[in-house]
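Coordinate inspection notes
Listed below are the residues making up each chain.
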Amino acid sequence: MVRIRVLATLAFAEAETGSVADGLVHLGTASDLVSGLPEGRLRAALRGLIDHQHGAILLRTKQPAKSLELFDRAIPMLERAEDSPAANPELLAVAYMNRGVAYQELGVPGPAELDMLACLSLATKHDLPTIKGMAQGNLGEIAQLVGDIPAALAHHAEAERAFRVIAPVRVARTQIDQAKALLAAGVPDEAARHLDDALPVLREHRDSQDLAEAELARAAAALLQGELEQARSLAGSAHRRLVKRGSAPWAEVAALTKMQAEIAIALDGGPSNASPAKAAKLAERLGEVGLTDEAAKATMLGVRLALRHRSTATAEKLLTRVPPPRKIAPIDHKMLLRLCRAELAVAKGDRRKALTEARAGLAQLSRARDRMGGLDLLSGTAVHGFQLGNLAVGLMLDGARTQADARRLLAWQERTRAQVYRYEPLPVIDDPTLSAKITELRGVLRLLQHARLGRRPVATLERRQVALQREVSRLGWHNSQWGRPRPVCSPEEIIEQLGDRALISFAGPADTLAAVVVSNGRAELVRLGPLEKALEVAKQLHADLDALAPDELMAPLAAAVSVSARRRLTELDELLRPVINLIGDRELVVVPGGGLYQVPWGSLPSLHGRPVSVAPSATAWVGSASRQAQADGADVVLVCGPGLPESVTELQRLRAIYPNAVVLDGDAATTGAVLSAMDGARLVHVAAHGTHEPANALFSRLELADGGLIAHELAQLRHPPEHVVLASCELALSNIRPGDEALGFAGALLASGSRTVVAAVCRVGDRSSAETMTEYHRWLAADGSGARDLAEAMTDYHTRLASGTDPATALAQATAADPLRRPFICLGAG
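Computed from a predicted structure; not experimentally measured.

The rules behind each value
- Residues numbered from 1 in each chain as written.
- Predicted model: local features only at pLDDT ≥ 70, side-chain atom pairs only at ≥ 80, totals over all residues.
- Heavy atoms only, no water.
- Pairing = 2+ DSSP bridges.
- Helix = DSSP H or I, 4+ residues; strand = E, 2+ residues; numbered from the N terminus.
- Axes fitted to C-alpha atoms, helices over the stretch in contact; angles between N-to-C directions.
- Polar contact = N/O pair within 3.5 Å; in protein donor to acceptor, adjacent residues only side chain to side chain.
- Salt bridge = Lys/Arg side-chain N within 4 Å of Asp/Glu carboxyl O.
- Buried < 20%, exposed > 50% of the residue type's maximum accessible area, 1.4 Å probe, protein only.
- Phe/Tyr/Trp six-rings, centres within 6.5 Å; stacked < 30°, edge-to-face > 60°.
- Lys NZ or Arg CZ within 6 Å of the ring centre and 35° of its normal.
- Expected span 1.5 Å × (residues − 1).
- pLDDT = per-residue confidence, 0-100.
- Contact = heavy atoms within 4.5 Å.
- Core = buried A, V, L, I, M, F, W, Y, C linked by side-chain atoms within 4.5 Å.

Across a sheet, strands are paired by hydrogen bonds formed along the backbone, either parallel or antiparallel in direction. Strand order across the open sheet formed by eleven strands is β5-β4-β3-β6-β7-β18-β17-β14-β10-β8-β9, with mixed pairing between neighbours. For this open sheet the edge positions go to β5 (522-530) and β9 (662-664), each flanked by a neighbour on one side alone. Going across the sheet, the axis of each strand differs from the next one's by a mean of 20 degrees, ignoring polarity.

Set out below in structure tokens:
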């Protein structure tokens with residue numbers, strides 16, 4: 001009996017680390033020994049063990065249908081041995097778990113969940129914490145299968161927390177599963193960080209199967225990040241590893257990932273050996289081993305490559321082999337099918353069919369997005385529909401000739417950009433764990449700052465910062481809830497809300513910068529010039545304004561940088577001249593897109609003194625402008641952070657304008673006190689140092705008395721302030737994701753429900769900021785004529801705020817005096 005158990009264990013170990021064939025030989029020997037035993041519970045238990053191990057090996061080599069037959073035989077035999085000396089509750093729990101995984105691999109979530117819950121029950125009853133953690137992870141994969149990514153990530157996080165205590169060796173496996181869920185949500189950077197942690201551990205333990213899976217997931221992340229050569233290299237490494245292991249189905253999956261990288265390189269104009277014929281052959285091999293979703297994906301990649309080679313007939317023939325996607329097919333597979341159909345329609349000259357496919361695909365993507373949690377997951381989903389949206393907008397751009405065409409282009413822009421701002425936030429879930437992690441992160445960031453200033457080693461603190469940021473993100477994915485989205489606004493609704501204002505909505509994705517201009521009830525498309533040149537000038541302008549920010553900059557240097565900045569502003573102004581000529585002197589709403597988010601629009605010569613509101617989409621602007629006030633807190637809150645000498649004078653001036661304001665300065669300006677005062681306030685002004693985090697903009701922060709108030713914490717606000725002024729550097733900046741999903745500190749406020757946010761897109765000197773903000777508030781509260789009675793001023797302020805124009809008007813007046821050193825913009829309603 002002992003020899004049989006040893007052989008069964010050895011068989012699985014050999015299959016995992018060496019050869020599957022050798023593992024099955026050991027299992028055959030054990031099976032022969034079982035056949036020589038007399039009938040009874042012991043023989044049944046050992047036969048159940050053999051069948052289970054055989055099924056587990058087949059499952060690990062991606063043969064779920066065959067493994068399911070073996071698990072169906074094994075489980076009754078293992079149950080028969082219960083309440084006898086031959087009983088093995090741990091093996092029975094694992095058998096239920098593995099059968100659940102087989103159902104999961106076959107795309108049958110209902111039975112998979114039932115088996116996983118049975119496993120969880122046995123693990124709890126018999127105190128099997130490792131198996132309990134594994135079952136939690138598998139429940140995460142089942143949740144992902146049905147599209148519930150936040151629940152999947154919650155299960156994986158719980159499993160990882162357990163494994164870090166009871167089985168650290170299993171943490172790397174859990175990180176692979178987390179990364180796969182993040183890739184499904186379109187968050188490749190975070191997925192890559194999980195995998196970069198796991199890969200060294202897996203290499204050290206020589207776990208060939210998990211290591212290959214990690215390499216494949218990392219290749220998928222690299223594809224979404226645009227790192228195509230890295231994706232090809234990783235997929236090739238995984239393929240060699242799996243071939244050596246004898247895992248044919250997994251090796252074909254690796255070949256598919258490598259081909260996906262090859263085709264992406266070919267579509268990008270690079271050297272590649274991929275061809276439609278190779279894709280078709282790979283699809284056949286994948287189908288032969290039962291991987292129908294993967295076979296369909298290989299065929300679709302062949303369709304795209306055939307179209308690249310202008311072989312429409314080949315593409316059409318291949319597309320007929322692709323079956324309709326299953327209901328639980330991954331969203332990226334569904335989007336790829338829509339993209340293939342749309343690209344084929346374009347190749348055949350059927351523009352209407354292409355747009356129909358794009359519209360249907362984006363609707364599918366929207367339904368997937370509706371199930372996400374947290375701003376980064378909501379925004380990340382756009383990556384899966386990015387190419388489809390670009391195709392549709394590109395078609396509209398190519399064919400736009402009339403006002404009606406311009407309106408249709410505007411409608412498509414609204415379908416494809418900044419969808420995260422359409423979602424209504426729900427009441428926050430109080431989570432003490434999340435609060436504790438944020439507090440610890442705040443402390444680590446402060447220690448890091450002091451260590452850098454003191455030139456002390458920071459490596460340990462930086463590692464802890466990364467770990468805490470990851471934990472805060474994960475907790476936020478299932479604690480930050482978002483309601484149903486508001487409908488995308490039609491051009492007619494946008495025009496009605498604009499009234500006498502004008503709108504400039506910059507269009508992509510062509511090489512030429514274009515804009516839809518809406519003015520006086522008319523929509524026109526204006527082609528402005530090379531997009532690359534405009535983005536480069538905007539980048540150079542941003543660098544110039546950053547260099548010009550210090551208050552005590554030496555006069556010769558300031559003069560030289562000012563000349564350069566004015567030249568950049570003039571270049572941008574001339575580029576936009578055809579648009580400016582169309583809008584006259586109207587107040588303006590700008591929807592920038594991409595690198596144009598960093599432009600301080602009021603600094604352009606033709607826009608000096610003109611009210612300008614900046615919004616991530618016209619739909620987002622309409623939502624902000626029409627949002628009803630929910631303020632139930634203080635009228636005005638004034639906050640002064642540490643280390644700003646000029647802000648003391650600024651605060652004194654603002655107290656004169658708002659004598660009854662709630663004031664938080666010095667040690668009173670803590671993160672908790674500021675968040676509490678912000679909740680329900682009508683107007684919040686914060687003078688503090690700000691830090692924009694380009695790698696993860698939701699960790700951008702305001703420096704307060706007890707450390708940084710990070711953008712993630714804004715989700716705690718039950719009633720975000722109507723109007724927020726951030727007298728800080730760079731906090732209007734955003735991390736721009738595919739689909740023009742702009743996220744940052746100011747963006748988090750807008751997405752959470754604030755109506756208007758005033759912030760800087762560049763660095764700004766303390767003195768310049770204080771002077772700008774003093775003038776801004778004088779204009780805002782008293783039309784520039786000085787302080788008045790607070791009640792009168794605030795009554796008039798709310799009357800004018802209802803029109804959605806006054807903050808933009810006040811900012812235009814405040815920045816016009818020194819546009820180079822006052823790079824503030826008005827985000828939202830204006």
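Right, let's get into the side chain of glutamine 104. Assignment of secondary structure puts glutamine 104 in helix α5 (residues 89-105). Polar contacts involving the side chain of glutamine 104 include one to the side chain of glutamate 141, which spans 3.0 Å.

Here the structure, examined in full by the defined rule, presents 44 salt bridges. For aspartate 332, the salt bridge identified is with lysine 297, shortest N-O distance 3.9 Å. You can see aspartate 332 sitting in helix α17 (residues 331-347) and its partner lysine 297 sitting in helix α15 (residues 292-308), a full 35 residues away along the chain. Judged by its relative accessible area of 29%, aspartate 332 falls in the partly exposed class. A cluster of three or more residues bridged by salt bridges with shared partners is formed by Arg60, Arg173, Asp177, Lys180, Asp210 and Glu213.

Here we take up the packing of aromatic side chains. Taken as a whole and judged by the stated rule, the model has one aromatic pair. Here phenylalanine 506 and tryptophan 601 contribute two aromatic rings whose centre-to-centre distance is 5.7 Å and whose plane-to-plane angle is 20 degrees, an arrangement assigned as stacked. Of the two residues, phenylalanine 506 sits in strand β3 (residues 502-507) while tryptophan 601 sits in the loop between β6 (588-591) and β7 (612-614), which places them 95 residues apart along the sequence. Above the face of the tryptophan 412 ring, arginine 415 is positioned so that its terminal group lies 4.4 Å from the ring centre.

The subject of this paragraph is helix α22 (residues 432-453). Given a rise of 1.5 Å per residue, 22 residues ought to cover 32 Å, and the 32 Å separating the end C-alpha atoms of α22 matches this to within 8%. For α22, the complete set of buried residues consists of Leu434, Ile438, Leu441, Arg442, Val444, Leu445, Leu448 and Ala451. The first or second residue beyond α22 is arginine 455, which carries a positive phi of 55 degrees.

Moving on, we come to the pairing of strand β12 (residues 701-704). Burial along β12 is two-sided: the face carrying Arg701 and Glu703 and the face carrying Leu702 and Leu704 are both buried. As judged from the two bridges shared by strand β11 (residues 690-691) and β12, these two strands associate in the antiparallel manner. Considered in β12, the bridge of threonine 691 is made with arginine 701. Note that β12 and strand β13 (residues 707-710) share four bridges and pair antiparallel. For leucine 702, the partnering residue across the bridge sits in β13 and is leucine 709. Between β12 and β13, which follow one another and run antiparallel, lie two residues.

What follows covers the confidence of the model for the chain. Residues at a pLDDT of 70 or more form 93% of the chain, whose mean pLDDT is 88. Here residues 783-791 is a poorly scored stretch, pLDDT under 50, and it has 16 contacts once near neighbours within four places are set aside; other chains count. Long-range and interchain partners of residues 793-805, a stretch whose pLDDT sits below 50, account for 30 contacts in this model, where long-range means more than four residues apart.

Ordered by their spatial adjacency, three strands build an open sheet running β11-β12-β13, and the pairing between neighbours is antiparallel. Edge positions in the open sheet fall to β11 and β13, since each of these has one partner strand only. Taken strand by strand, helix α30 (residues 671-678) contacts β12 and β13, and its axis lies near 35 degrees from that of β13.

The next point concerns the nonpolar core. Among the nonpolar cores identified, the biggest contains 105 residues, and Leu377, Tyr421, Phe506, Leu528, Trp601 and Leu726 are the most heavily contacted of them. Beyond its immediate stretch of four places on either side in the chain, leucine 726 contacts Val686, Leu702, Leu731, Phe745, Leu749, Val757, Val758, Ala759, Ala760 and Phe824. Ala345, Trp412, Ala514 and Ala625 belong to the second-largest nonpolar core, a separate cluster that totals 40 residues.

Its place among the elements puts serine 35 in helix α2 (residues 20-35). Given a relative accessible area of 41%, serine 35 falls into the partly exposed group. Measuring from C-alpha to C-alpha, the distance between serine 35 and leucine 46 comes to 9.8 Å, with eleven residues separating the pair along the chain.

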